There are 2 protein chains.
Amino acid sequence: MWGIELRYKAEVSLARQIFLSLKQRILAGEISQGEALPSTRELAKGLGASRNTVCEAYDMLLTEGFIVSHQGAPSRVAAGLHLTTKKKPVPAAKKQEQAPILWDFKTGQPDLSQFPRQLWSQLVHAAANTLTTQQLEYSGPKGYEPLCEEIAHWLLRSRSMEVKPEDVFITSGATAALHLLVNILNKAGHAFALESPSHPGIRTVIADRGYPLQWLLVDEQGADISTLQGKNVCAVYVTPSHQFPLGGILPAGRRAALLRLASEHDFYIIEDDYDSEFRYTGPPVSPIYSMDSSHVIYVGTFSKTLFPALRIGFVVLPKQLQKSWRHSRNYMDVQNPILEQAALTQFLHMRKMDKHVQRMRRIYGEKRKVLLNSLENTFGASVQQWGDASGLHLALCFQEMEFGKQFVHDCRDAGIRISLVTQYCPMNDHHKDKLLLGYGHLSHIQIQKGIQALYEFIAERA
Amino acid sequence: MWGIELRYKAEVSLARQIFLSLKQRILAGEISQGEALPSTRELAKGLGASRNTVCEAYDMLLTEGFIVSHQGAPSRVAAGLHLTTKKKPVPAAKKQEQAPILWDFKTGQPDLSQFPRQLWSQLVHAAANTLTTQQLEYSGPKGYEPLCEEIAHWLLRSRSMEVKPEDVFITSGATAALHLLVNILNKAGHAFALESPSHPGIRTVIADRGYPLQWLLVDEQGADISTLQGKNVCAVYVTPSHQFPLGGILPAGRRAALLRLASEHDFYIIEDDYDSEFRYTGPPVSPIYSMDSSHVIYVGTFSKTLFPALRIGFVVLPKQLQKSWRHSRNYMDVQNPILEQAALTQFLHMRKMDKHVQRMRRIYGEKRKVLLNSLENTFGASVQQWGDASGLHLALCFQEMEFGKQFVHDCRDAGIRISLVTQYCPMNDHHKDKLLLGYGHLSHIQIQKGIQALYEFIAERA
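Conventions we followed
Residue positions within a chain follow its written sequence, with the count starting from 1. Note on labels: chains are lettered from A, ligands numbered from 1, in written order. The predicted nature of this model means local features are confined to residues of pLDDT at least 70 and side-chain atom pairs, given and counted, to a pLDDT of 80 or more, with totals for whole chains, interfaces and linings taken over all residues. Neither water nor hydrogens contribute to the side-chain values; these are computed over all heavy atoms in the structure. In DSSP terms, a helix is any run of H or I states spanning at least four residues, a strand is any run of E spanning at least two, and both are numbered starting from the N terminus. Computation of the radius of gyration draws on C-alpha atoms, with the globule rule given as 2.2 Å multiplied by the number of residues to the power 0.38. Burial here depends on accessible area, computed with a 1.4 Å probe over protein chains only, as a share of the maximum for the residue type. Under 20% is buried, over 50% is exposed, and the range in between is partly exposed. Whether two residues touch is decided by their heavy atoms; if any such pair falls within 4.5 Å, the residues are in contact. Fitted lines through C-alpha atoms give the axes, limited to the stretch in contact for helices. The angle between two N-to-C directions lies from 0 to 180 degrees. Note on convention: the crossing is left-handed when the near helix lies turned anticlockwise from the far helix by less than a right angle, right-handed when the turn is clockwise. Residues are grouped as follows: Ala, Val, Leu, Ile, Met, Phe, Trp, Tyr, Cys and Pro are nonpolar; Asp, Glu, Lys and Arg are charged; every other residue, Gly included, is polar. When DSSP locates at least two bridges between a pair of strands, those strands are taken to pair. Should a side-chain nitrogen of Lys or Arg be within 4 Å of a carboxyl oxygen of Asp or Glu, the pair is scored as a salt bridge. The criterion for an aromatic pair is that two Phe, Tyr or Trp rings (for Trp, the six-membered ring) have centres within 6.5 Å, with stacked assigned to planes under 30 degrees apart, edge-to-face to planes over 60 apart and tilted to the rest. Summed over both partners, the accessible surface that disappears when two parts come together, traced with a 1.4 Å probe, is what is meant by buried area. A 3.5 Å cut-off defines polar contacts: any pair of N or O atoms within that distance qualifies, except that in protein one atom must be a possible hydrogen donor and the other a possible acceptor, and neighbouring residues in sequence count only when both atoms are side-chain atoms. The superposition of copies rests on a least-squares fit of C-alpha positions from residues with pLDDT of 70 or more in both.

A.B. asks: Give a detailed account of the overall build of chain A, specifying residues and quantitative values.
C.D. replies: Along chain A, the regular secondary structure elements total 14 helices and 16 strands. For 462 residues, the compact-globule formula gives about 23 Å, and the C-alpha radius of gyration of chain A, at 30 Å, lies well above that figure. When its C-alpha atoms are laid out on the principal axes, chain A stretches across 95 × 55 × 50 Å. The proportion of buried residues among the 462 residues of chain A is 57%. Contacts spanning at least 24 positions in sequence make up 72% of the contacts within chain A whose residues lie at least 6 apart.

Set out below in structure tokens:
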């Protein structure tokens, strides 16, 4: 009756089915404005349902304003319920078929097979069992305070950085930190100064917001500070321990110059310390933050040392930025989830982090050796590595060669995924002779065979 | 020697101690530019350390550019390392002492004592044990796909909403969703239209970015759509199931009108369905999304149904917005952490969510009854509640009274935390006769005594 078919033993109640059915027909215009619905008794009889069920359905229609009812008169369809003719749905974009990747030299991927899964599982379970009810509530934008303390201790042990827990703010990873910093540091008429080449993370956030950008060219020692227009800048973003992607260490002289400019023109230095735990020929490089913290924001992450899907990082903030950070965080994602913050706190406290990083440093160091040997055995002297012996990627300079987008494409068709340094340059015209290889996630065999495949591919093109 | 004192059996190595000590003295200007350091042999002898240790320290200084060395000559301090005189640190703001809160009617706080802690702990543990290595990697901005499917099923069961998993995107909570939506929906020359009164969440994001705002006045039936300037608007933000804070249900006629306008002027409707699971006098209200999804973004959260520190929510997006959402999310916090997404998936799959929500609905319903009885027994007919019987808060109209900031202040001094509806109005001049009480987190006794205290406080002022 009335085109309503009831399904018994369905997850949706009978009353709801009646309600939805009538609602749909009203919206479709099949029951017009002002038209009377059958009485509840009549419809109940016709559907073989109880009168209560139909009354419930009519109540829902009334509550939501689909029908109007007057004492003693039949319920009628309300006015103004017609909708515009639906447009054709946008067809889903067809996925392009691509050749499978056999040798994947993508950057930024740690070796997750080595992550201490069982330990993490125990810590997470213990944290879930010991959290108080209050810890399930909103706790504010700074982060779990015991984690801030453990991070401060960790920074002292691993980087000889003296940091106060009150200045440590937990983030949802480095990208989230940069997103927030762009929010709070932007100043009308002032630019953000970035290295060229540099990682597209912060650049995209800035460009999307339409803020001006300035570029600092990069040489073997990192960013060339001498070209910095200090007075027109609100913040400078640098990777001074291991320039991404070219690998230079910013020397103390340039750091001091940058700090003097920051003080003079009152801008901030965003120090992104993305892979400093993994240095193979000596201890980690001191951060700029340790020289002078008054104008430096130190950005750290656990994505590479632990795992990317954890989404925990931190910033160390100068006091004068902390209030606006809290405000901005409150209106972004509010705070980090509590559980894995608590687990990470224990992981640091028990010195498991130290042990894990030490082990991974050895493992990555060996992979790097294998990579360098493979390059030596194939390309020999025609390839030169750039940068400090650290991190999970390598910048390679190929003498007298030029790489462009076509090369990446053809490489991909040959099953090799690789990046160009030039892709990280905003003008796309520097460092065309350099490739970027990530190797942290590859096995020794994959590295050897991948380099062999790359060598053969390049040789064939020549 | 050289003012260096070594600490043995410290967590920092001897070489590092020497390095840090010399570095500090160089930066402080105590060892000048160009000055020669002692030979490694000399310093080693003087400190009683091994020569290797001192060489290691000098290597660090060289690597970081604090010293320069020439074959056969002593190492000398590099040029340009002086820093500007440090400014005085900003003193931390003194915290204001405030009277303790005895009766806290803050809104938005669920009753966390009822959260199934043990079950959650088991689910989290199981998830940690069963995640694959690949799941620890970056998995993209959409979210854990099995969770998207379970949410789609849950929406059908709980709201009779038909939603495709491919249109469900996981968020870090409703605020993060709104933050992202402001990012992707803003259009030059177009305003965001919000209800007045409304929650400050999205308003603050929009105002911080400097985008224009338009206001829709709110009556007992929710937003008054008739004042909407459709052609100058990029998005309209509404709480149609239970207007926050006044509680009206937006009737079908106004919904249809809003949808027609959205279609005609190509703007989006952001439907924030923040507490729809908790309706006490009937089933949940149908969302606007169910009438016509082409221009509607449905925003949901698990903060109230589960716990705020979980930080998981979702949006259901029209297809044409999905690409820009993915882009924006990639440059915000990238993705949600994987672990609790997996736990939540199971929680939904096992129908534990249904059971929990049903139980909480009963518990909150009882608290609401206690609140209404207490109001009846104290204020009687001089107070009138506004809005539908749902959610974790109540808007109360006090006949012939006017509340302002002073009232809130004095209330606070009397140990009562309460909000004014007028605080949620941008012009702060509407609904001055209404108070807002949150009660979800309070016990029956606390509700009764709190209302008694409020009554006595108001009576005393009169």
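A.B. asks: Just give me the short version of the packing of helix α6 (residues 174–185) of chain A against helix α7 (residues 200–209) of chain A, but keep the residues and values in it.
C.D. replies: All names here are of chain A. The contact between α6 and α7 brings their axes to 9 Å, and the two run at 40 degrees. For the pair α6 and α7, the crossing hand works out as right-handed. Along its contact with α6, which presents Leu-178, His-179, Val-182 and Asn-183, the element α7 presents Ile-202, Val-205, Ile-206 and Arg-209. Among the residues forming the contact of α6 with α7, the class breakdown is five nonpolar, two polar and one charged.

A.B. asks: Please set out the environment of Gly-300 of chain B residue by residue, giving values where relevant.
C.D. replies: Residue and element names in this part refer to chain B. Its place among the elements puts Gly-300 in strand β10 (residues 296–301). We classify Gly-300 as buried; its relative accessible area is 4%. Setting aside residues up to four positions removed in sequence, Gly-300 forms contacts with Gly-313 and Phe-314.

A.B. asks: Go over the environment of Gln-448 of chain A with me, naming the residues and quoting the values.
C.D. replies: Residues and elements named next belong to chain A. One can find Gln-448 in helix α14 (residues 444–461). What makes Gln-448 partly exposed here is its relative accessible area of 39%. Put simply, Gln-448 and Lys-367 are 81 residues apart on the chain and 9.8 Å apart in space, counted from C-alpha to C-alpha. With near-sequence residues (within four places) excluded, Gln-448 lies in contact with Val-370 and Ser-374.

A.B. asks: Got a sec to walk through the pairing of strand β6 (residues 213–219) of chain B? Specific residues and values, please.
C.D. replies: In regular strands, side chains alternate between the two faces of the sheet. Residue and element names in this part refer to chain B. Alternating positions in β6 separate cleanly, Gln-214, Leu-216 and Val-218 being buried on one face and Leu-213, Trp-215, Leu-217 and Asp-219 remaining unburied on the opposite face. Where strand β5 (residues 191–196) lies against β6, five bridges are found, and the strand directions are parallel. When the bridges of β6 are listed, Ser-196 appears paired with Leu-217. Relative to strand β7 (residues 222–223), β6 runs antiparallel, the two being bridged by two bridges. Each bridged residue has a counterpart across the sheet, and for Asp-219 the counterpart in β7 is Gly-222.

A.B. asks: Could you give an account of the pattern of salt bridges, naming the residues involved and the relevant values?
C.D. replies: Here the structure, examined in full by the defined rule, presents 28 salt bridges over all chains. A salt bridge links Glu-145 of chain A to Lys-142 of chain A; its shortest N-O distance comes to 3.1 Å. Between Asp-167 of chain B and Lys-319 of chain B there is a salt bridge, with the nearest N and O atoms lying 2.5 Å from each other. Linking Asp-167 of chain B in the loop between α5 (145–159) and β4 (168–171) with Lys-319 of chain B in helix α10 (residues 319–330), this pair joins segments that are 152 residues apart in sequence. One salt-bridge network, in which partners are shared between bridges, spans Glu-166, Asp-167 and Lys-319 of chain A.

A.B. asks: Lay out the packing of aromatic side chains in plain terms, naming residues and giving numbers.
C.D. replies: All names here are of chain A. Tallied over the full model, the rule gives 34 aromatic pairs over all chains. Where Phe-302 meets Phe-314, the ring centres are 5.7 Å apart and the plane angle is 50 degrees; that geometry is what we call tilted. Highlighted residues: Phe-302 in the loop between β10 (296–301) and β11 (313–316) and Phe-314 in strand β11, separated in sequence by 12 residues. On the accessibility criterion, Phe-302 (1% relative accessible area) is buried. Exposure remark for Phe-314: the relative accessible area of 4% places this residue in the buried category. The rings of Phe-379, Phe-398, Phe-403, Phe-407, Tyr-455 and Phe-457 are connected pair by pair, giving a single aromatic cluster.

A.B. asks: How would you explain the sheet that holds strand β16 (residues 434–438) of chain B if you had to name every residue and give the values?
C.D. replies: Residues and elements named next belong to chain B. With antiparallel pairing, the four strands of this open sheet are ordered in space as β12-β13-β16-β15. The strands lining the two open edges of the sheet, one partner per strand, are β12 (383–386) and β15 (419–420). Contacts from helix α12 (residues 352–378) reach β12, β13 (393–398) and β16, with the element oriented near 15 degrees to β13.

A.B. asks: Describe in detail the interface of chain B and chain A, supporting the description with residues and values.
C.D. replies: If you look at the interface, chain B gives 95 residues, while chain A gives 95 residues. Among the residues of chain B in contact with chain A, Arg-117, Leu-136 and Tyr-331 of chain B are the three that bury the most area, contributing 9% of the side total. The interface formed by chain B and chain A contains zero salt bridges. Taken together, chain B and chain A are joined by 37 residue pairs in polar contact (both at pLDDT 80 or more).

A.B. asks: Describe in detail the relation of the copies chain B and chain A, supporting the description with residues and values.
C.D. replies: With an RMSD of 0.0 Å, chain B superimposes on chain A once it is rotated by 180 degrees and translated 0.0 Å along the axis. A rotation of that kind, with that shift, is consistent with a two-fold axis. Within chain B, His-125 of chain B has its C-alpha nearest the rotation axis, a separation of 2.6 Å. Both copies contact each other with a shared surface, as 100% of the interface residues of chain B are interface residues in chain A too.

Interpretation note: all reported values are geometric properties and have no functional meaning in isolation.
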